[in-house]
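Report on the structure
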Amino acid sequence: MKPLLVLALGLTLACAACNTSPLTSQMTPDLGSPPDLTPALPEGISPLAGYDPSLPSDDLAPLGALIGDRGTVGIGESIHTSGGFQLSRARVIEYLVEQKHFRLIAIEWQRASGDAVEAYLQSGKGTAAGVAMQLSVWSSQEVEQLLAWLRTFNLAHLDDPVHFMGFDVQQPDVDVTTLKTFFTAAAPGDAGMLLPPLDKCDLGQGESTTGVSYLGDYPACTAGLDAIDAYFASHQAALTQASSADQLLTARVASTGLRAWQTEAYDFTSDVPASYQARDDAMAAVYLALKQARHPTLKTVVWAHNYHLRQLGAAVTGDGAVGAPTMGTRLAAALGDDYFPVAQLAYDVGIDWPNVGCGPQPPADAASMPGLLNTLPVGAALIDLASPFFQPGQSYGESDYESMIPAQQYRAIIFLKHSPKMTPLDWPSCQ
């Protein structure tokens, strides 16, 4: 044993003057160049830190690079009432407001509700919770937090605030009231001729979460709207003088919205593509008209379901595919490359939607878009659809009932492995 001890001591003494031993050099990391522990991801895919808006925004820089100088960014969701999607959208909105100077948020919901949010953001009228409660499937604590953040931002940027508007056409009762009020004030002599047919219109009384029953006289209502639109065209100068350009715009938008609702409700049980297209065509027309008149220079976030943002909705296939052009189809045609739709998908989704679903929904199919993205070694990711992750020209399921070529419909995807249900404000949280 002694020779071995001497040998060991000799090796130790021999290396006493060495900077490091071979063994030490292998075990001690170089602190000047720490190892890269980021999981390897396919080309065009960037890891995201998560959906919490309080997270640092550095990981959103790749999204900012993809958006570039574009002025219209759609941010969707594969299903309503999922809190992860709402928080993730809020996180992106805050980044776009602070880093990319976006100053308008346009939501797929009633224009009257959008006006209430706008009043809160600009003047503090009401509360964040109160105006969020008017946003239906986005009536949640998650959205309340975003609106409170936007109000705080506006208070610090009084000369450069963020604005908010709704563009949906599912407010027929409000639109009838708007038209009656406008013509009674601006054209009292002709109001008695123009307004009675509006009493034949459907006002949404037959709407539910599962469908629509038309309650009205469709030919009489639409004939009355034809007369009103013709009157707008032939009396534009007089109506503007008797009211204002903005009041006239509001009335014309109300006519567009009311007509779209009549077709949506009337065709719902007999011609689903025509029903869906009526709404989406009108939403695009209303958005473009209001944006051009009120906020022509502002960069805009369009907040909607994935369906409405698709650039080529009629090309989607599957048992549940509508087969009609979408709002995004019209926006892409009008805005060209300036339109940048981003879908939000998740593998494991929770919702809180009365009469629709509560809590976790069935996980996505393994071969679907969310199923394939779920194999990524990260909890959240940004997918540039110009990258080859999805085979060019190949269709994939966004859900169990719709299939599409991803790059044909969206420019990018925000993917979450898990999106928990939202925390509702307008109804008790489901169990």
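Described in the following lines is the structure provided in the data block. Note that the structure is predicted; figures quoted are calculated from it, not measured.

A closer look at the overall build of the chain
For the chain, the helix and strand inventory stands at 17 helices and 13 strands. Projecting the C-alpha coordinates of the chain onto the three principal axes gives extents of approximately 120 × 50 × 45 Å. Per-residue burial over the chain gives 48% buried out of 431 residues. In the chain, 76% of the contacts between residues at least 6 apart in sequence involve partners at least 24 apart. Entry remark: accessible area of the chain is about 19,300 Å², with carbon and sulfur atoms responsible for 57%. Side-chain charges in the chain split into 22 positive and 44 negative, and the spacing between the mean points of these groups amounts to 4 Å.

Quick look at empty space enclosed by the protein
Evaluation of the coordinates by the stated rule reveals one cavity of 30 Å³ or more. The volume enclosed by the largest cavity comes to roughly 40 Å³. Around the largest cavity sit Leu48, Gly50, Leu60, Ser88, Arg91, Val92 and Ile414, which together line it. Take the lining of the largest cavity: its biggest share by element is three residues, from helix α4 (residues 83-100).

Re the packing of aromatic side chains
Tallied over the entire structure, the rule returns 14 aromatic pairs. An angle of 90 degrees between the planes, with centres 5.4 Å apart, marks the rings of Tyr214 and Tyr266 as edge-to-face. Of this pair, Tyr214 sits in the loop between β6 (211-212) and α10 (218-234) while Tyr266 is found in helix α12 (residues 245-267), placing the two residues 52 residues apart along the sequence. Judged by relative accessible area, Tyr214 falls into the buried class, the value being 18%. An aromatic cluster is present here, built from Phe182, Phe183, Tyr231 and Phe232 joined pairwise through their rings.

Considering the pattern of salt bridges
Going through the model one piece at a time under the given rule, you end up with 16 salt bridges. We note a salt bridge from Glu398 to Arg310, for which the minimum N-O separation is 3.3 Å. Of this pair, Glu398 sits in the loop between β11 (396-397) and β12 (403-404) while Arg310 is found in the loop between α14 (306-309) and α15 (327-335), placing the two residues 88 residues apart along the sequence. For the pair Glu398 and Arg310, a shared accessibility class is recorded, and that class is buried. Where salt bridges share partners, they join Arg70, Asp337 and Arg411 into one cluster.

Observations regarding the packing of helix α13 (residues 272-294) against α15
It is the contact of α13 with α15, at a shortest axis distance of 8 Å, that shows an interaxial angle of 40 degrees. Judged by the angle between their axes, α13 and α15 are oblique. The chirality of how α13 crosses α15 is right-handed. Across the interface between the two elements, Gln277, Asp280, Asp281, Met283, Ala284, Tyr287 and Leu288 from α13 touch Met327, Arg330, Leu331, Ala334 and Leu335 from α15. Looking at the contact of α13 with α15, its residues break down into eight nonpolar, one polar and three charged.

Examining the pairing of strand β13 (residues 412-419)
By the criterion of burial, β13 is predominantly enclosed, with six of the eight residues buried. Sheet analysis places strand β8 (residues 339-353) next to β13, joined by seven bridges and oriented parallel. Looking at β13, one finds that Leu345 is bridged to Phe415. Judged from the five bridges that link them, strand β10 (residues 380-384) and β13 form a sheet pairing that is antiparallel. Paired with Asp384 across the two strands is Ala412, which belongs to β13.

Describing the pairing of β8
For β8, the tally of buried residues reaches twelve of 15 residues, placing the bulk of the element in the interior. Pairing analysis gives four bridges linking β8 to strand β9 (residues 357-360), with the strands arranged antiparallel. In the sheet register, Gly350 faces β9, and the bridge partner there is Pro360. Linking β8 back to β9 in an antiparallel pair, the connection comprises three residues, with Asn355 at a positive phi of about 70 degrees.

What counts and what doesn't
- Residues numbered from 1 in each chain as written.
- Predicted model: local features only at pLDDT ≥ 70, side-chain atom pairs only at ≥ 80, totals over all residues.
- Heavy atoms only, no water.
- Helix = DSSP H or I, 4+ residues; strand = E, 2+ residues; numbered from the N terminus.
- Buried < 20%, exposed > 50% of the residue type's maximum accessible area, 1.4 Å probe, protein only.
- Contact = heavy atoms within 4.5 Å.
- Areas by Shrake-Rupley, 256 points an atom, 1.4 Å probe, with all protein chains shown as cover.
- Lys, Arg positive; Asp, Glu negative; His and termini not counted.
- Charge placed at Lys NZ, Arg CZ, Asp CG, Glu CD.
- 1 Å grid on protein atoms, 1.4 Å probe; cavity = no way out; pocket = protein on both sides within 12 Å on 5 of 7 lines; lining within 4 Å.
- Points joined across faces, edges and corners; volume = space filled by probe spheres on them.
- Phe/Tyr/Trp six-rings, centres within 6.5 Å; stacked < 30°, edge-to-face > 60°.
- Salt bridge = Lys/Arg side-chain N within 4 Å of Asp/Glu carboxyl O.
- Axes fitted to C-alpha atoms, helices over the stretch in contact; angles between N-to-C directions.
- Parallel < 35°, antiparallel > 145°, perpendicular 65-115°, else oblique.
- Left-handed = near helix turned anticlockwise from the far one by under 90°.
- Nonpolar A, V, L, I, M, F, W, Y, C, P; charged D, E, K, R; others polar.
- Pairing = 2+ DSSP bridges.

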